[in-house]
Amino acid sequence: MIISGLIISDKSTGNIHNSLLETSKILCLFLPLLLSNTDNKKGLLFGLYIACCMASTIGVSAYILHSDRFRLIQSINGITRVQGVLEYANTMAVFCGIGIILSIYYIKKYESCKFANEIMLGVNGVCLIMTGSKLGMAAFAFSVVMVLCLKYKKIIPYALGALATAILYVALLFATGRENIILGSTLACRLIYWHDALKVILKNPFGVGVYGWQELQYKIQTANYSVKYVHNGFLQLALDGGILSFLGALLMVASGIIAAVRQYLKERKEISLHLLAILLLIATHSLVDIDFAYGAIWLSLGLALCFTKTEEIKINKRIVFILCLVFSVNSMFSKADNANRVEALAKEFSIAYINNDFETMHNLSKEWLAEAPRQQCAYDACFISLTALNKKDELNALYKTVSEINKSMNVLCKYLSQHQNIVLPGKD
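Being a predicted model, the structure only gives us computed values, none of them experimental. (Residues numbered from 1 in each chain as written. Predicted model: local features only at pLDDT ≥ 70, side-chain atom pairs only at ≥ 80, totals over all residues. Heavy atoms only, no water.)

Asker: Got a minute to help me understand the overall build of the protein in this structure?
Answerer: In terms of regular secondary structure, the protein is built from 18 helices and two strands. For the protein, contacts bridging at least 24 residues in sequence account for 70% of all contacts bridging at least 6. When the accessible surface of the protein is summed, it comes to about 22000 Å², and 64% of that surface belongs to carbon and sulfur atoms. (Helix = DSSP H or I, 4+ residues; strand = E, 2+ residues; numbered from the N terminus. Contact = heavy atoms within 4.5 Å. Areas by Shrake-Rupley, 256 points an atom, 1.4 Å probe, with all protein chains shown as cover.)

Given below as structure tokens:
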């Protein structure tokens, strides 16, 4: 389970190779669906539970021992967060949430192991808090509230009242100019990514290929950033494989949620509620983060989906395999329009800088600016080379360019904790 959640290395060896790796993650989605035997499905569900518990135990242990081996924990500004075996705190929070949901299920299901499962419930809960993932905890809380509303109709008015209060609170914050309380740097960054990604998707409805976003982002971005994923799993699918991949994933998850609700209303089985909570947790958090970058998330999603199907449904394994390939066909063969020149320029500039080759630095920095007009590093490189060559006219022009670029930055940049604008040293 844990092994299937490996992250793909940033140092790719080619578009087809990367596509095959990404496709292998999606294949994890269909593994549970191929196991038509009910006992096998239940065993896989229990295996997922054990994997979540083990991951949480390792994370809590690393936090207590303050062991940063294998990047299990990370300290930023004096705050330690559990990254876990996935080396990413936010997605680790999702697995902690799944562990909590399954702990509650197995506490009720197996009285003989109740105490052990209660301990695991505590470990998963503590680990969730230790990840420090606000979005992860919010997604978990949302999924729990939705399930409770389904089970206990009486709390629906209270939930709606709380929602109305939250909306009113947000409206008042914006009305009084204090929206930065909720619209912090993390959320603002994501909104900027999504805004820029949508522009790419509208121009490339069939996708730009796996990792194509990494190559295209610099010319279309409206702020200074460099990210491998746009922190929205569904938008990332649209970028990589096109709108059809996006719609396919959305319909698949939505149909699973609807089926789980119907199954509970018809049979009143607790397992349906717990699987619904898992589906809601994954779907909600994937809207704001990179969960689909992990094969283990696809496996968890497929496992939850397979339980929403009736036992009478027969699955043709060949058709499922073909659908999996079609799901990622655009990612497999599409290639981004631009070569990723930005990273190469940065390396070439570093070499020229070490060799004090100022003319080469100057030429490279101009090309760098053309490729990434909103990257602080590109302007720093240009400033260094122009200062070394004493090109005052071009330096003055650079200041004017910075002023114009800053005026065209995304309006959400004002909420960022850093990189709100391009900054150059003051003129003498």
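Asker: I keep staring at the confidence of the model for the protein and nothing clicks. Help me out?
Answerer: As a note on interpretation, predicted positions should not be read in detail where pLDDT is low. Averaged over the protein, the pLDDT score is 86; the fraction of residues at 70 or greater is 86%. Predicted confidence for residues 311-315 stays below pLDDT 50, and this span has four contacts to residues more than four positions away or in other chains. Taken together, the stretch residues 329-338 has pLDDT below 50 and engages in 32 contacts with residues farther than four places along the chain or on a different chain. (pLDDT = per-residue confidence, 0-100.)

Asker: Looking at this model, I keep getting lost on helix α6 (residues 156-175). Mind explaining?
Answerer: Residues three or four positions apart in an α-helix share a direction because the helix packs 3.6 residues into each turn. Here α6 is 20 residues long and its end C-alpha atoms lie 28 Å apart, about the 28 Å a rise of 1.5 Å per residue gives. Once α6 finishes, Gly177 follows within two positions and takes phi at roughly 75°, a positive value. (Expected span 1.5 Å × (residues − 1).)

Asker: Would you explain a nonpolar patch on the surface in this entry?
Answerer: On the surface, Ile156, Leu160, Leu163 and Ile167 cluster together into a nonpolar patch covering about 370 Å² of accessible area. With respect to the secondary-structure elements, Ile167 resides in helix α6. Residue Ile167 is classed as exposed on the basis of its relative accessible area, which comes to 53%. (Patch = residues over 30% accessible without salt bridge, like charges linked within 9 Å, V, L, I, M, F, W, Y side chains within 5 Å. Salt bridge = Lys/Arg side-chain N within 4 Å of Asp/Glu carboxyl O. Buried < 20%, exposed > 50% of the residue type's maximum accessible area, 1.4 Å probe, protein only.)

Asker: Explain the pairing of strand β1 (residues 73-76) here, please?
Answerer: Where β1 and strand β2 (residues 79-82) come together, four bridges link them in antiparallel fashion. Bridging from a neighbouring strand, Gln74 pairs with Arg81 of β2. Here β1 folds back onto β2 in antiparallel fashion, the turn holding two residues, of which Asn77 has a positive phi close to 55°. (Pairing = 2+ DSSP bridges.)

Asker: Can you help me understand the environment of Ile192 in this one?
Answerer: With respect to the helices and strands, the residue Ile192 is situated in helix α7 (residues 185-203). Apart from residues lying up to four places away in sequence, Ile192 is in contact with Thr222, Ala223, Tyr225, Asn410, Leu412, Cys413 and Leu416.

Asker: Help me out: how do you make sense of the pattern of salt bridges in this one?
Answerer: It is possible for side chains of opposite charge to pair when their charged atoms get near one another. Taken as a whole and assessed by the stated rule, the structure comprises nine salt bridges. A salt bridge links Glu270 to Lys108; the nearest nitrogen and oxygen atoms lie 3.6 Å apart. You can see Glu270 sitting in helix α11 (residues 270-286) and its partner Lys108 sitting in helix α3 (residues 89-109), a full 162 residues away along the chain. Residue Glu270 is classed as partly exposed on the basis of its relative accessible area of 27%. Note on Lys108: relative accessible area 48%, which makes it partly exposed.

Asker: Help me understand the environment of Thr91, please; the structure alone is not making it clear to me.
Answerer: Along the chain, the position of Thr91 falls in helix α3. On the basis of relative accessibility, which here comes to 0%, the residue Thr91 falls in the buried class. Separated by 195 residues in sequence, Thr91 and Ser286 have C-alpha atoms that sit 9.0 Å apart. Those residues within four positions of Thr91 in sequence are excluded, and the remaining contacts are Leu86, His285, Ile290, Asp291, Tyr294 and Ile297.

Asker: Help me understand the packing of α7 against helix α8 (residues 212-220) in this model?
Answerer: To characterise two packed helices, one gives the angle between the axes of the helices and the distance between these axes. At a closest axis distance of 10 Å, the pairing of α7 and α8 adopts a crossing angle of 105°. The angle between the axes of α7 and α8 places the two elements in the roughly perpendicular class. Contacts between α7 and α8 involve Tyr193, Asp196, Ala197, Lys199 and Val200 from the former and Trp213, Leu216 and Ile220 from the latter. (Axes fitted to C-alpha atoms, helices over the stretch in contact; angles between N-to-C directions. Parallel < 35°, antiparallel > 145°, perpendicular 65-115°, else oblique.)

Asker: What is the right way to read unusual backbone geometry from this model?
Answerer: Leave glycine aside and you will find that most residues have negative phi; peptide bonds, for their part, are mostly trans. Positive phi values are uncommon outside glycine, yet Phe70 reaches one of about 60°. Relative to the helices and strands, Phe70 is located in the loop between α2 (38-65) and β1. Positioned with a positive phi, Tyr211 is a non-glycine residue whose angle comes to about 65°. Tracing the backbone shows Tyr211 in the loop between α7 and α8. Exposure remark for Tyr211: the relative accessible area of 8% places this residue in the buried category.

Asker: Would you explain the nonpolar core in this entry?
Answerer: Side chains that are nonpolar tend, in soluble globular proteins, to be buried together. With 74 residues, the main nonpolar core has Leu45, Ile98, Leu102, Ile282, Phe292, Trp298 and Leu301 as its most contacted residues. If we ignore the near neighbours within four places in the chain, the residues touching Leu301 are Leu29, Met252, Val253, Leu279, Ile282 and Phe292. With 47 residues, the next largest nonpolar core counts Leu183, Tyr193, Trp194 and Leu369 among its residues. (Core = buried A, V, L, I, M, F, W, Y, C linked by side-chain atoms within 4.5 Å.)

Asker: I tried to follow the side chain of Gln217 on my own but got confused; where do I start?
Answerer: Among the structural elements, Gln217 can be located in helix α8. When its relative accessible area of 1% is taken as the criterion, Gln217 is described as buried.

Asker: Would you mind going over the environment of Asn410 with me for this structure?
Answerer: For Asn410, the location among the structural elements is in the segment after α18 (392-407). Relative accessible area serves as the criterion here: at 12%, Asn410 is assigned to the buried category. Taking C-alpha positions, Asn410 is 9.6 Å from Asn224, a pair spaced 186 residues apart along the chain. Contact partners of Asn410, with chain neighbours within four places excluded, come to Ile192, His195 and Thr222.

Asker: Any chance you could explain the packing of aromatic side chains here in plain terms?
Answerer: Two aromatic rings, taken as a pair, are described by how far apart their centres are and by the angle between their planes. The full count for this structure, using the stated rule, is nine aromatic pairs. Grouped by ring-pair contacts, the aromatic residues Phe46, Tyr49, Tyr105, Tyr106 and Tyr110 constitute a single cluster. (Phe/Tyr/Trp six-rings, centres within 6.5 Å; stacked < 30°, edge-to-face > 60°.)

Asker: Would you mind going over helix α9 (residues 233-241) with me for this structure?
Answerer: When you tally the buried positions in α9, you get nine out of nine residues, the bulk of the element. Downstream of α9 by one or two residues, Gly242 has phi in the positive range, about 95°.

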